[in-house]
Amino acid sequence: MKFARMPDLVLALVVAVLLEAGALAAPGTAPLAHVAVLAGSLGLVAWRSAPLVALTMATVFMMVYLVSSHPGPAAAFPVLVTVFGTVRSGHRLAAAASAIAFLGCGLAVGLAEAAGQPVQPLVERTVLLVGWFLAAAVAASASRGWRAYLDEAEHRAAEAERTREEAALRRAGEERLRIARELHDSLTHSISIIKVQAGVAVHLARKRGEEVPEALLAIQEASREAMRELRATLEVLRDSADDPPATGLDRLDDLVGRARAAGLPTTVTIEGDRRPLPAEADRAAYRIVQEALTNIARHAGPASASVFLRYADDALLVQVDDDGRGSPGGAPVPGVGLRGMRERVTALGGDLRAEPRPDGGFTVQARLPLPALTAGTDRPMRSDEPPRASLSADPTPDGQPSSKEVAAGTPLGEAS
């Protein structure tokens, strides 16, 4: 604000110096004239911020200057500037009244001086001043119109941008609805048939007194979970929500339980104090474990899996290992599943490693950045500390997970 008024202050000082120089050069200038020159000129500081105040000051003090010293046309300079500013701000009547008052005062003073002398020079001088005031008013009107045009152009540009955004959102919503319809018409029907047929097979086996195969129960549970997630995804697409329904590590026990039911021995080891995670990191960790277990079941052959989670102060470490001899996830050439894992982790600013283990099998390791723990909590681990517990794919002798392991289960839903 201070720098914005600097040009106005410079203008006021220049006009004051010019008028004061003329007043000093004129013989017999009254002290009141000097005061009027300074006051009327310094009023120009506010010609843009307070145009009516500046107009009043310039007009009144320049009229005092006219009456006391008869300076000639130079006294009109401050009034011209303030008339320009007042017209540009939309106060045309005030500017016209000020101009008429100043010109009338000058004409009256000139007529009093020219008593008994030709008045033609006075009339010409007054006409010239009238032209100056008209020029100032026209220039101010043009400036006001140009500023209005620029404001309207900016408004139209903003409106066009808003309209484009609305159109893009509308097209995105229509595309979401189309995808939802396609998913519903294709996947929902197929998964429903799998679920129904698995349920019928389980029912018939129990009705005949036969033992239900574990694989059949795993198919039934996986299809049920797939239907749940697909239904939730369709709701997201139809409701235009930004985030999918919460699926995170709170469902890890379901996920590991289904992996075991499908014939994949799985253990879970957790280090650090479990705490609520950001939704994106929670969902990414769950999907990484889900994808890794799915790939082990599909590609590793006879194997066991171990899931390791470490809650550090600045990151969540997720590691899934297997001791199979196959090539999970397309180890030499990453498949869609591994690419999806990497995209999830990279979007959160983390790191992902997916590579064969030196002693056989495959490992997937992800580091997901987390907000730092607040002061007063137990000393958190650093994400670069080595694990304090070894991963074991074997259950305890009674067949249950050890005290550092958490049994779990969610579908091996999405294969790569």
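Look up: the structure comes first, before these words.
Rules used throughout
Residues numbered from 1 in each chain as written. Predicted model: local features only at pLDDT ≥ 70, side-chain atom pairs only at ≥ 80, totals over all residues. Heavy atoms only, no water. Helix = DSSP H or I, 4+ residues; strand = E, 2+ residues; numbered from the N terminus. Phe/Tyr/Trp six-rings, centres within 6.5 Å; stacked < 30°, edge-to-face > 60°. Buried < 20%, exposed > 50% of the residue type's maximum accessible area, 1.4 Å probe, protein only. Arc of directions from axis to C-beta. Pairing = 2+ DSSP bridges. Patch = residues over 30% accessible without salt bridge, like charges linked within 9 Å, V, L, I, M, F, W, Y side chains within 5 Å. Areas by Shrake-Rupley, 256 points an atom, 1.4 Å probe, with all protein chains shown as cover. Salt bridge = Lys/Arg side-chain N within 4 Å of Asp/Glu carboxyl O. Axes fitted to C-alpha atoms, helices over the stretch in contact; angles between N-to-C directions. Contact = heavy atoms within 4.5 Å. Parallel < 35°, antiparallel > 145°, perpendicular 65-115°, else oblique. Nonpolar A, V, L, I, M, F, W, Y, C, P; charged D, E, K, R; others polar. Expected span 1.5 Å × (residues − 1). Left-handed = near helix turned anticlockwise from the far one by under 90°.

Novice: I would appreciate a short explanation of the environment of Arg 342 in the present structure.
Specialist: Along the chain, Arg 342 falls in helix H10 (residues 336–347). Along the backbone, Arg 342 and Ile 288 are 54 residues apart, and their C-alpha atoms lie at a distance of 9.1 Å.

Novice: Teacher, can you tell me more about the packing of aromatic side chains here?
Specialist: For any pair of aromatic rings, geometry is given as the distance between the ring centres together with the angle between the planes. Throughout the structure, instances matching the rule amount to 4 aromatic pairs. Note on Phe 102 and Phe 133: the rings are 6.1 Å apart at their centroids and 55° apart in plane angle, and the pair reads as tilted. Linking Phe 102 in helix H5 (residues 92–113) with Phe 133 in helix H6 (residues 120–207), this pair joins segments that are 31 residues apart in sequence. Residue Phe 102 shares its accessibility class with Phe 133, and that shared class is buried.

Novice: What exactly am I supposed to notice about the environment of Val 127 here?
Specialist: Mapped onto the elements, Val 127 comes out in helix H6. In sequence terms Val 127 and Leu 103 are 24 residues apart; their C-alpha atoms lie 9.5 Å from each other.

Novice: Could you clarify how one ought to interpret helix H8 (residues 252–261) in this entry?
Specialist: Structurally, the α-helix is built with 3.6 residues per turn, so residues lying three or four positions apart point the same way. Along H8, the positions that sit buried rather than exposed are Leu 252, Leu 255, Val 256, Arg 258 and Ala 259. Projected down its long axis, H8 carries its buried residues within an arc of 160°, all on one side. Where H8 ends, the next residue or the one after it, Gly 263, has phi of about 95°, a positive value.

Novice: Before we go on, may I ask you to explain the pairing of strand S5 (residues 362–369) in this structure?
Specialist: Here strand S3 (residues 315–322) runs beside S5; their pairing, made up of 8 bridges, is antiparallel. Note on S5: the bridge partner recorded for Ala 315 is Pro 369. Across 6 bridges, the pairing between strand S4 (residues 351–356) and S5 is antiparallel. Looking across to S5, one finds that Asp 351 is bridged to Arg 367. Hairpin connection of S4 to S5: 5 residues between the antiparallel strands, including Gly 360 at a positive phi of 105°.

Novice: Help me understand a nonpolar patch on the surface, please; the structure alone is not making it clear to me.
Specialist: Together, Met 6, Leu 9, Val 10, Leu 13, Val 14, Leu 18, Leu 38 and Leu 42 give the surface a local cluster of nonpolar side chains, amounting to about 670 Å² of exposed area. With 6 residues, the top contributor of residues to the nonpolar patch is helix H1 (residues 6–25). Structurally, Leu 18 is set in helix H1.

Novice: Looking at this structure, I do not really get the pairing of S3. What am I missing?
Specialist: The side chains of a regular strand alternate, first on one face of the sheet and then on the other. The element S3 is largely enclosed, with a buried count of 8 among its 8 residues. What you see with S3 is no split at all: Ala 315, Leu 317, Gln 319 and Asp 321 on one side and Leu 316, Val 318, Val 320 and Asp 322 on the other are buried throughout. Where strand S2 (residues 305–311) and S3 come together, 7 bridges link them in antiparallel fashion. Bridged to Phe 308 within S3 is Gln 319. The loop that links S2 with its antiparallel partner S3 comprises 3 residues.

Novice: How should I be thinking about the sheet that holds S4 in this particular structure?
Specialist: Sheet strands pair by backbone hydrogen bonding; their relative direction is either parallel or antiparallel. If you walk across this open sheet you meet the 5 strands as S1-S2-S3-S5-S4, and the pairing is mixed. One side of each edge strand has no neighbouring strand; the edge strands of this open sheet are strand S1 (266–271) and S4. Each strand of the sheet is rotated relative to its neighbour by a mean of 10°, with strand direction disregarded. Against the sheet, H8 makes contact with S1 and S2, and its axis sits at roughly 155° relative to S1, the strand it touches most. Against the sheet, helix H9 (residues 279–299) makes contact with S1, S2, S3 and S5, and its axis sits at roughly 5° relative to S3, the strand it touches most.

Novice: In this structure, what is going on with the packing of helix H3 (residues 51–69) against H5? I would like to understand it.
Specialist: A pair of packed helices can be characterised by two numbers: the angle between their axes and the separation between those axes. Contact pair H3 / H5: the axes reach a minimum separation of 10 Å and the direction vectors enclose 5°. In terms of their interaxial angle, H3 and H5 are classed as roughly parallel. Contacts between H3 and H5 pair Leu 52, Leu 55, Thr 59, Met 62, Met 63, Leu 66 and Val 67 from the former with Ala 94, Ala 95, Ser 98, Ala 101, Phe 102, Cys 105, Gly 106 and Val 109 from the latter. In terms of residue class, the contact of H3 with H5 is made up of 12 nonpolar, 3 polar and no charged.

Novice: Any chance you could explain helix H4 (residues 76–88) here in plain terms?
Specialist: Along its 13 residues, H4 runs 18 Å from first to last C-alpha, staying within 8% of the 18 Å computed at 1.5 Å per residue. Burial analysis of H4 places 10 of its 13 residues in the buried class, which makes it a mostly covered element. Looking only at H4, the buried set comprises Ala 76, Pro 78, Val 79, Leu 80, Thr 82, Val 83, Gly 85, Thr 86, Val 87 and Arg 88. Immediately downstream of H4, the backbone of Gly 90 shows phi near 100°, a positive value.

Novice: Could you clarify how one ought to interpret the packing of H4 against H5 in this entry?
Specialist: At a minimum axis separation of 8 Å, H4 and H5 run at an interaxial angle of 165°. By the angle between their axes, H4 is roughly antiparallel relative to H5. In this structure, H4 crosses over H5, and the sense of that crossing is left-handed. Residues Ala 76, Val 79, Val 83, Thr 86 and Val 87 of H4 touch H5, and the partners they reach there are Arg 92, Ala 94, Ala 95, Ser 98 and Phe 102. The residue makeup of the contact of H4 with H5, split by class, is 7 nonpolar, 2 polar and 1 charged.

From the geometry alone we can't say anything about function, so treat these as descriptive.
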